[in-house]
Amino acid sequence: MHFSRFHLMFSQSEICTWADLYPFGWDTEALQAGSNIRAGDFCQQHLKIIARWKSPRPLGLIKENLDSEISGVLSLPLKMKQPRRAPLQYLWDCAESECPKVTKEQGEGDRRM
């Protein structure tokens, strides 16, 4: 797998200028929700806080999920050696339920995660 080196899209001399434009504290609630999830509190409210911060469009979809489903998905990365594979792992683990059917072979082929 090939990884590109990260390059700033502006010069280092502009870092302070851009940092000053960042509204201090606007993400405090989302960061706290993330900390709560990492600490094992997998409630729907924390997911809603993060969704509202990141992109409010999916907020209406979150309420369509059972609390147990949300808890299962949010807890999975903490249990895994490779957390970035958590979404696929969830699909594999619930293959016997109503989740979309995805085989491990299909999941292994998707390297975008």
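Worth saying up front: this structure is predicted, and the values here are computed from it rather than measured.

So, how was this worked out
Residues numbered from 1 in each chain as written. Predicted model: local features only at pLDDT ≥ 70, side-chain atom pairs only at ≥ 80, totals over all residues. Heavy atoms only, no water. Helix = DSSP H or I, 4+ residues; strand = E, 2+ residues; numbered from the N terminus. Buried < 20%, exposed > 50% of the residue type's maximum accessible area, 1.4 Å probe, protein only. Contact = heavy atoms within 4.5 Å. Areas by Shrake-Rupley, 256 points an atom, 1.4 Å probe, with all protein chains shown as cover. Patch = residues over 30% accessible without salt bridge, like charges linked within 9 Å, V, L, I, M, F, W, Y side chains within 5 Å. Salt bridge = Lys/Arg side-chain N within 4 Å of Asp/Glu carboxyl O. Phe/Tyr/Trp six-rings, centres within 6.5 Å; stacked < 30°, edge-to-face > 60°. Arc of directions from axis to C-beta. pLDDT = per-residue confidence, 0-100.

Asks: Please explain the overall build of the protein chain as it appears in this structure.
Replies: Looking only at helices and strands, the protein chain has seven helices and zero strands in total. When the helices and strands of the protein chain are listed from N to C terminus, the series reads α-α-α-α-α-α-α. By the burial criterion, 22% of the 113 residues in the protein chain qualify as buried. Considering only contacts in the protein chain between residues 6 or more positions apart, those separated by 24 or more positions represent 26%. Roughly 9200 Å² of accessible area belongs to the protein chain as shown, and the carbon and sulfur atoms make up 59% of that amount.

Asks: Before we go on, may I ask you to explain a nonpolar patch on the surface in this structure?
Replies: A surface patch of nonpolar side chains, about 320 Å² in accessible area, is lined by F6, L8 and I15. Position of F6 among the secondary structure elements: in the segment before α1 (15-21).

Asks: Just checking my understanding: could you explain the packing of aromatic side chains for this structure?
Replies: Describing an aromatic ring pair means giving the distance of the ring centres and the angle of the ring planes. This model, assessed by the stated rule, comprises three aromatic pairs. Consider the rings of F10 and W18, whose centres lie 5.8 Å apart with planes at 35°: the pair is tilted. You can call F10 partly exposed: its relative accessible area is 29%. In textbook terms, an aromatic cluster arises when at least three aromatic residues are bridged by ring pairs, as seen for Y22, W26 and W53.

Asks: Looking at this structure, I do not really get helix α2 (residues 28-38). What am I missing?
Replies: It helps to recall that an α-helix has 3.6 residues per turn; residues three or four apart then point in one direction. Within the sequence span of α2, burial applies to A30, A33, G34 and I37. Here the buried residues of α2 occupy an arc of 100° about the axis, which is enough to place them on one side. As for α2, its buried residues are in contact with α3 (44-54) and α5 (67-79).

Asks: Honestly, the confidence of the model for the protein chain in this entry has me stumped. Any pointers?
Replies: Interpretation of the predicted coordinates at a detailed level should be avoided for regions scoring low in pLDDT. Confidence in the prediction for the protein chain averages 78 pLDDT; 69% of positions are at 70 or higher. Per-element confidence in the protein chain is highest for α2, whose mean pLDDT is 95, and lowest for helix α7 (residues 104-109), whose mean pLDDT is 46. Below a pLDDT of 50 lies the segment residues 100-104, which in the model reaches nine contacts outside its immediate sequence neighbourhood of four places, other chains included. pLDDT under 50 marks residues 106-113. Its contacts with residues more than four places away, or in other chains, come to eleven contacts.

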